[in-house]
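Coordinates in review
In case you want the letters, here they are:
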Amino acid sequence: MAIETPYLRYTPAVETPDADEAETSRSLNETMRSISETTLAHGGHAIRSVHAKAHGALRAELEVAPGLSPELAQGLFAQAGRYPVVMRFSTIPGDILDDSVSTPRGVAIKIVGVEGERLEGSEGDATQDFVLVNGPAFSAPGPKQFLATLKLLAKTTDRAEGLKKVASAALRGVQSAVVAATGSPSPALATLGGQPETHILGDSFYSQVPLRFGDHIAKIALVPVSPDLTALTDKPLDDTSAPNAIREAVLAHFRRHGGTWELRAQLCLNLDDMPVEDASVVWSEATSPYRTIATLTAAPQTSWSEARAAFVDDGLSFSPWHGLAAHRPLGGIMRMRKSAYEMGKRFRAETNGRRIEEPRNLDSLPE
């Protein structure tokens, strides 16, 4: 007999693609490729068209919590277990900017050794990726609105960094006023440069857009819980004038300390209040809180070196479409990411002459 649950059950009908979505996807791919071609022409090396600048790469371990309730024991999290993980911290622009141009931060997580039915395009692999950003909702509701923003940003790629610094400082002031008035920051202002200059290791990160969670639908969050990380939440960076201030802060922390995060899931109750196709809506934590499904722990280590950066930045790709069918990405933004990320991976591999493939273990990750 089926157990009654208040959580919405997944069916393919929760997605409602636009009729012209293929054209939007094509235009989005062209825009992202144009960003990569611009940075290649200026730098001589192919980099990501979004989240180009890495601030640290960590080896970690994911432990799936034992005894999860049935609605949480889904997909990768159906059974207790331990998995090696690589984490890549980044900021969102497609060009490499000084950190005084302050934009939203991300962390991409690749879990290795995952078994189960795979998503199309990742057959034969054994990884599960989660791509997270430090805000609970996406900056645009759907693909068309995101494309319009990306086209504007593409025109500024590798241009006028001095003006970007000035604009970022001004936008941080505006963002502070918005937070004081409303209690929450504006994702759009953060994207344009209004991200507060705080320590990245104190941030919580979110999938922002939903994915299938076995029988249900969920958003995912990564939340710092160890005292050495929670002490950094909202803590200003020591030297915001340094070009690589965020990277240096991560390096300094992991030279002496480790860190522990909780991976959490927020289950969908209904599509009216928790839509799949409008990525800009924050799902209420009062009605459906984020609940712990796993713990992620990183020991002290060297979080950035030329060798480690080359391994992670040039040799790996991160996509929510690397994973299990039980964690299928949902909604228009996620559907756009599939071909866009595949295109970016091919561009980097062909241009740099470097194979990019899914690892079976992390034995080759430089120490």
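Look up a bit, the structure's there.
First, a word on what this report is: a plain description of the structure on this page. (Residues numbered from 1 in each chain as written. Predicted model: local features only at pLDDT ≥ 70, side-chain atom pairs only at ≥ 80, totals over all residues. Heavy atoms only, no water.)

A separate point is the packing of aromatic side chains. The final tally for this structure, using the stated rule, is six aromatic pairs. Plain terms: the ring middles of F89 and W261 are 6.4 Å apart, the flat faces sit at 40° to each other, and that makes the pair tilted. On the criterion of sequence distance, the pair formed by F89 in strand β2 (residues 81-91) and W261 in strand β8 (residues 259-267) is long-range, its members being 172 residues apart. Positioned above the aromatic ring of W321 is the side chain of K338, whose terminal nitrogen or guanidinium carbon lies 5.7 Å from the ring centre. (Phe/Tyr/Trp six-rings, centres within 6.5 Å; stacked < 30°, edge-to-face > 60°. Helix = DSSP H or I, 4+ residues; strand = E, 2+ residues; numbered from the N terminus. Lys NZ or Arg CZ within 6 Å of the ring centre and 35° of its normal.)

Bringing the pairing of β2 into the picture now. Buried residues dominate β2, accounting for nine of its 11 residues. Two strands pair when backbone bridges link them, and β2 and strand β3 (residues 105-112) are joined in this way by seven bridges, in the antiparallel orientation. Looking at β3, one finds that F89 is bridged to V107. (Buried < 20%, exposed > 50% of the residue type's maximum accessible area, 1.4 Å probe, protein only. Pairing = 2+ DSSP bridges.)

Turning to the environment of L251, a few remarks are in order. Structurally, L251 can be placed in helix α6 (residues 245-256). The spacing of L251 and L76 is 175 residues in sequence and 31 Å in space, taken between C-alpha atoms. Those residues in contact with L251, other than ones at most four positions away along the chain, are T302, S303 and W304. (Contact = heavy atoms within 4.5 Å.)

What follows deals with the pairing of β3. Counting buried positions along β3 yields eight of eight residues, so the element is predominantly enclosed. Burial along β3 is two-sided: the face carrying R105, V107, I109 and I111 and the face carrying G106, A108, K110 and V112 are both buried.

As a further point, take the packing of helix α1 (residues 21-43) against helix α8 (residues 332-352). The N-to-C vectors of α1 and α8 enclose an angle of 35°; their axes lie 9 Å apart at closest approach. Our pair here, α1 against α8, has a crossing hand that is right-handed. Contact residues: E21, T24, S25, L28, N29, M32, R33, S36, E37 and L40 in α1; G332, R335, M336, S339, A340, M343, F347 and T351 in α8. When its residues are assigned to classes, the contact of α1 with α8 shows seven nonpolar, seven polar and four charged. (Axes fitted to C-alpha atoms, helices over the stretch in contact; angles between N-to-C directions. Left-handed = near helix turned anticlockwise from the far one by under 90°. Nonpolar A, V, L, I, M, F, W, Y, C, P; charged D, E, K, R; others polar.)

Just geometry here; none of it tells us what the structure is for.
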